[in-house]
Amino acid sequence: MKRILLILLLFCGAAVSAQEMTDEDFPTQLAKAKAGNVASQGWVGSYYFVNGDYENAVYWSKKAADAGNYSAQLDMAIAYERGEGVEKDLQKAFEYYSSSAKGGDVSAIYMLGVYYHTGEVVKQNLKKARNYYKIAAYNKLAVAQYRYARFCLAGVGGKKDFEEGVGSMQLAAQQGFNPAIVDLAVWYTYGYFVEQNEELGITLFELAAKQGSQEAQMFLGEFFFSGKHGCPKSYAVSAQWYEMAMENQDKDVKLSSIANNLAYCYAYGDDNLPQDFQKAHQTIDKAIEEEPDEANLYDSKGEFYLMQGDKENAQKMWNKVMELAPDFSKETPLYKSLYENGGVYVGKDKRAY
């Protein structure tokens, strides 16, 4: 991935915009850089970073950075942070961020907030972190508005300030910052920090989901699965959102948390989603591959077997549940159908098999 483009996506604005850099401009800028023009040296350094030539990128960016060009200082900070063209060195990264921040670069100011927030290189100081986030937020950096909002709402690094926090989160969302849109969606849906407005909450969830938020896709999958918050119950629509979330797999989100409900959508079916036990089993098996020791997944698979009238395999699945989790709840449809209902399965939508 292009380096500067990645930075642009992260900060919603960086020292050098990729749109400002063209191959046609390069010879002119290089000639000026060789003649000692500091701005051109920074331009050339960024151009080389964009194109993955880190050796030349560091050569020209360092010249400009050492001459006081704060955009080049930001580039050098990122280079040291990632180990691109130089040996990774967070201390030097922090120093370059500090220099760039003094020059007024908003992204560098934000990154100082991150360093004081996490306690990497410098001693953690949440008050300083909040202040840097605030400065960057007031300079319209969306990610800083988001971080500052969360600090205000939780009272981190200072007193709680709900009005300031909600306002900052709204500003980040207005700039299209997806995590802020998701947070606002949750707030309006459940009435946290703002007056409850489920219709607006669902609209925001849909906006975030269409922009690729797996979290929003999972929320919508659950709402349509259960018919909550003004969403009509629909396994077909629920499956669509869960399928998007499955394709948009986040390394920090377990597949099973999505696959389990998606499998139920296939198993139940409705007027717009044909009942498909093969898909249900295939989906739950993917989750089992990821988490072979998760008892709940075998409970779900056993339930699907019962729905098909296969009591023998259903029993095997319950035995597996007991093997993995002897204290597993006896309130599940699988257990009740095997031992309390005479082998008759009654699903969540009251269908009997």
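Basis of the calculations
- Residues numbered from 1 in each chain as written.
- Predicted model: local features only at pLDDT ≥ 70, side-chain atom pairs only at ≥ 80, totals over all residues.
- Heavy atoms only, no water.
- Helix = DSSP H or I, 4+ residues; strand = E, 2+ residues; numbered from the N terminus.
- Buried < 20%, exposed > 50% of the residue type's maximum accessible area, 1.4 Å probe, protein only.
- Contact = heavy atoms within 4.5 Å.
- Lys, Arg positive; Asp, Glu negative; His and termini not counted.
- Charge placed at Lys NZ, Arg CZ, Asp CG, Glu CD.
- Axes fitted to C-alpha atoms, helices over the stretch in contact; angles between N-to-C directions.
- Left-handed = near helix turned anticlockwise from the far one by under 90°.
- Nonpolar A, V, L, I, M, F, W, Y, C, P; charged D, E, K, R; others polar.
- Parallel < 35°, antiparallel > 145°, perpendicular 65-115°, else oblique.
- Salt bridge = Lys/Arg side-chain N within 4 Å of Asp/Glu carboxyl O.
- Phe/Tyr/Trp six-rings, centres within 6.5 Å; stacked < 30°, edge-to-face > 60°.
- Expected span 1.5 Å × (residues − 1).

## Section: the overall build of the protein
Secondary structure summary: the protein contains 19 helices and 0 strands in total. With the principal axes as the frame, the protein shows a C-alpha extent of 90 × 45 × 40 Å. Here the protein holds 353 residues, and the buried ones make up 48% of them. Across the protein, every contact between residues at least 6 apart in sequence was considered, and the portion connecting residues at least 24 apart equals 47%. Charge-centre separation for the protein: the mean point of 36 positive side chains lies 6 Å from the mean point of 47 negative side chains.

## Digging into the packing of helix α13 (residues 214-226) against helix α15 (residues 255-268)
Two elements in contact, α13 and α15, have axes separated by 11 Å at closest approach and are oriented at 35°. Crossing hand, α13 versus α15: left-handed. Facing Gln214, Met218, Glu222 and Phe225 of α13, the residues of α15 in contact are Ser257, Ile258, Asn261, Tyr264, Cys265 and Tyr268. Within the contact of α13 with α15, the residues separate by chemical class into 6 nonpolar, 3 polar and 1 charged.

## Describing unusual backbone geometry
Of note in this structure, Phe193 is not a glycine but carries a positive phi near 65°. The residue Phe193 is located in the loop between α11 (178-190) and α12 (198-210) in this model.

## A look at the packing of helix α7 (residues 106-118) against helix α9 (residues 142-154)
Packing of α7 against α9 brings their axes to within 10 Å, and their N-to-C directions diverge by 40°. When the interaxial angle is binned, α7 and α9 end up oblique. Once α7 is placed against α9, the crossing between them reads as left-handed. Mapping the contact onto sequence places Tyr110, Val114 and His117 in α7 and Val143, Ala144, Arg147 and Phe151 in α9.

## Quick look at the environment of Ile181
Its place among the elements puts Ile181 in helix α11. Distance in space between the C-alpha atoms of Ile181 and Pro292 is 35 Å, their sequence separation being 111 residues. Among all residues touching Ile181, those that are not within four sequence positions of it are Ala173, Gly176, Leu204, Leu207, Ala208 and Gln211.

## A closer look at the pattern of salt bridges
The final tally for this structure, using the stated rule, is 6 salt bridges. Ionic pairing is found between Asp285 and Lys301, a salt bridge with its closest N-O pair at 3.1 Å. Taken as a pair, Asp285 in helix α16 (residues 277-290) and Lys301 in helix α17 (residues 295-307) lie far apart in primary sequence, 16 residues in all.

## Side note on the packing of aromatic side chains
To describe a pair of aromatic rings, you give the distance between the ring centres and the angle between the ring planes. Counted under the stated rule, the structure contains 30 aromatic pairs. An angle of 35° between the planes, with centres 5.5 Å apart, marks the rings of Tyr110 and Tyr133 as tilted. Separated by 23 residues along the polypeptide, Tyr110 in helix α7 and Tyr133 in helix α8 (residues 126-138) bring together distant segments of the chain. The exposure classification of Tyr110 matches that of Tyr133, with both residues buried. When the centroid spacing of 6.3 Å and the interplanar angle of 80° are considered together, the rings of Tyr138 and Tyr148 count as edge-to-face.

## Examining α11
Because each turn of an α-helix spans 3.6 residues, side chains separated by three or four positions in sequence point in the same direction. Helix length check: α11 (13 residues) gives 18 Å between terminal C-alpha atoms against 18 Å at 1.5 Å per residue, within 8%. By the criterion of burial, α11 is predominantly enclosed, with 11 of the 13 residues buried. Listed as buried for α11 are Asn178, Ala180, Ile181, Val182, Asp183, Leu184, Ala185, Val186, Trp187, Tyr188 and Thr189. Tucked into the core, α11 has its buried residues touching α9, α10 (162-174), α12 and α13. Positive backbone phi, approximately 80°, marks Gly191, located one or two places after α11.

## With respect to the side chain of Gln29
Inspection of the secondary structure puts Gln29 in helix α2 (residues 26-34). When sequence neighbours within four positions are dropped, the list of residues in contact with Gln29 reads Ser40, Trp43 and Val44.

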